[in-house]
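Each chain, letter by letter, is given below.
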Amino acid sequence: MRLASAIVQPYRASPEQLALVARGYARIFPDSTETRDLARRMHRNPLEHVRRLVIECTSRCNYSCSHCYNAGVERTTETKLEALSSAIDTFAGMGVREFAFIGGEVTKYGDGWLDLAEKARGTGAAIVSVLSNGWFLGGEDFEAAGRRYPDDDAYLRDLKAHGVTHVGFSIDGRREAHDASRGIPGFYRPSPQLTIKANGELATCRLADAGEGYGNIHERPLLDILNGMQDSFIYRLHAGRRIGEYLCLVDPDVFGRRFAHLCALRAVTTMIARRMHDQFVEPDDAEGVARINREVALVTGRTAGHAMS
Ligand code: SF4
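Just so you know, these numbers come straight off a predicted model, no measurement behind them. (Residues numbered from 1 in each chain as written. Predicted model: local features only at pLDDT ≥ 70, side-chain atom pairs only at ≥ 80, totals over all residues. Heavy atoms only, no water.)

**Student:** Whenever I open this one, the sheet that holds strand 4 (residues 52-56) confuses me. Can you help?
**Tutor:** Sheet strands line up and pair through hydrogen bonds in the backbone, either parallel or antiparallel. Taking strand neighbours across the sheet as the criterion, the four strands line up as 4-5-6-9 in an open arrangement whose pairing is parallel. In this open sheet, the two edge strands, each paired with only one partner strand, are strand 4 and strand 9 (166-169). Recorded for the sheet is a direction-independent mean angle of 20° between the axes of neighbouring strands. The pairing of strand 5 (residues 98-102) with strand 6 (residues 127-132) spans four bridges and is classified as parallel. Among the inter-strand pairings, F99 is bridged to a residue of strand 6, identified as V128. (Pairing = 2+ DSSP bridges. Helix = DSSP H or I, 4+ residues; strand = E, 2+ residues; numbered from the N terminus. Axes fitted to C-alpha atoms, helices over the stretch in contact; angles between N-to-C directions.)

In structure tokens form, the structure reads like this:
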């Protein structure tokens, strides 16, 4: 009999060997087994390069994306959490230090996954990640995997408290491509490019003034502005999909009835909304709204004559 571990050893039934065998780290082979075959077995160990364990807690999802690899599979959620917990122990014992939780949409349907994440982190894992379609971003008073949260911020804090180190969001491309493939409007994503304008404003749009409102580097440190982007009025306006509330306030007598490009309409509407917010002008304040329309037209150089297509 021989004992196979990192090397092939004669089996002596020593306490150390017995302990390795008991934990599944070594196996006993008959004497007739060729040493060369055992060595080859070790060199070709299929687990030798495993560094990461991905746990699909559920195949259920609140989206039905056209490209979904799970589209045809049965929708189910793993309920044997003890088995997954034990699997985490096993892989951690093998030196795995990265655990990823996926679905389906694990953050919505993966009841118990957060406890598993905490367990994984407790094994000393360097990375505990979760992949989400971002359904909870901007949400309030929602249930996520059996727990209730007042908003997305509270949820993200809870993920952190349970040892989650990384949260990944699936983005399929630019807004149009993303929304088309997901069949559902995505969460708000500012432009992948930021612009520092000549007046010091941090903007998301290089061409229009629509991105202004995140902050001005002449007034605040850039890091402050970046860390507080989510709290700015402009971000909340777009992330909360409230821009539509202001569309009817764009005055056609000032800007014309048609815009040459959707971006221009979006820019003007954004600027009107921001000024109304800054100047405490309510939508039913016709005089205030008219004044702000004229101000925006002056700043952008867009009057009925310029904006007509
Ligand atoms: S969000 Fe992911 S799991 Fe859900 S339907 Fe889309 S691709 Fe499939």
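After presenting the structure, the write-up continues.
**Student:** I'm lost on the pattern of salt bridges in this one. Help?
**Tutor:** Enumeration according to the criterion identifies 11 salt bridges in this entry. With a shortest N-O distance of 2.8 Å, E98 and R52 are connected by a salt bridge. Linking E98 in strand 5 with R52 in strand 4, this pair joins segments that are 46 residues apart in sequence. The class for E98 is partly exposed, based on a relative accessible area of 23%. By relative accessible area, R52 is classed as partly exposed at 44%. Where R236 meets D231, a salt bridge forms, and the shortest distance between an N and an O atom there is 3.8 Å. Relative accessible area serves as the criterion here: at 48%, R236 is assigned to the partly exposed category. Through salt bridges with shared partners, a single network forms among D141, E143 and R148. (Salt bridge = Lys/Arg side-chain N within 4 Å of Asp/Glu carboxyl O. Buried < 20%, exposed > 50% of the residue type's maximum accessible area, 1.4 Å probe, protein only.)

**Student:** Any chance you could explain the nonpolar core here in plain terms?
**Tutor:** Nonpolar side chains tend toward joint burial in soluble globular proteins. Ranked by size, the top nonpolar core spans 29 residues in total, and within it F99, F101, W113 and Y155 carry the most contacts. Elements represented by at least two residues in this core include exactly strand 4, helix 3 (81-93), strand 5, helix 5 (113-122), strand 6, strand 7 (140-144) and helix 6 (152-161). Considering each element in turn, this core owes the most residues, five residues, to helix 5. Filtering out sequence-adjacent residues up to four positions away, Y155 remains in contact with T107, W113, F136, F142, A144 and Y149. Judged by nonpolar contacts, the second largest core, of 26 residues, contains I225, M229, F259 and A297. (Core = buried A, V, L, I, M, F, W, Y, C linked by side-chain atoms within 4.5 Å. Contact = heavy atoms within 4.5 Å.)

**Student:** Is there a simple way to explain the packing of helix 3 against helix 5 in this structure?
**Tutor:** The relative placement of two packed helices comes down to the angle between their axes together with the axis-to-axis distance. Where helix 3 meets helix 5, the axes come as close as 10 Å, and the angle between the chain directions of the two elements is 20°. With respect to helix 5, the element helix 3 is oriented roughly parallel. In this structure, helix 3 crosses over helix 5, and the sense of that crossing is right-handed. Seen from helix 3, the contacting residues are L81, L84, S85, I88 and D89; seen from helix 5, they are L116, K119 and A120. Grouping the amino acids of the contact of helix 3 with helix 5 by side-chain chemistry returns five nonpolar, one polar and two charged. (Parallel < 35°, antiparallel > 145°, perpendicular 65-115°, else oblique. Left-handed = near helix turned anticlockwise from the far one by under 90°. Nonpolar A, V, L, I, M, F, W, Y, C, P; charged D, E, K, R; others polar.)

**Student:** For this particular structure, what's the right way to read the site of the ligand?
**Tutor:** Neighbouring residues of the ligand: C61, Y63, S64, C65, H67, C68, G104, N133 and R182. Its residues placed into classes, the shell around the ligand shows four nonpolar, four polar and one charged. (Near = heavy atom within 4 Å.)

**Student:** When you look at a negative patch on the surface in this model, what are you seeing that I'm missing?
**Tutor:** A cluster of acidic side chains, namely E282, D284, D285 and E287, defines a negative patch on the protein surface. Topologically, D285 is positioned in the loop between helix 12 (262-278) and helix 13 (286-300). Under the relative-accessibility criterion, D285 is labelled partly exposed at 32%. (Patch = residues over 30% accessible without salt bridge, like charges linked within 9 Å, V, L, I, M, F, W, Y side chains within 5 Å. Areas by Shrake-Rupley, 256 points an atom, 1.4 Å probe, with all protein chains shown as cover. Lys, Arg positive; Asp, Glu negative; His and termini not counted. Charge placed at Lys NZ, Arg CZ, Asp CG, Glu CD.)

**Student:** Quick question: what am I supposed to make of the packing of helix 5 against helix 6 here?
**Tutor:** Interhelical geometry of helix 5 versus helix 6 gives an angle of 40° and a closest axis separation of 9 Å. Taken together, helix 5 and helix 6 sit at an angle that is classed as oblique. Across from W113, L114 and E118 in helix 5, the residues of helix 6 making contact are Y155, D158, L159 and A161. Split into classes, the residues belonging to the contact of helix 5 with helix 6 amount to five nonpolar, no polar and two charged.

Coordinates in, geometry out; function isn't part of it.
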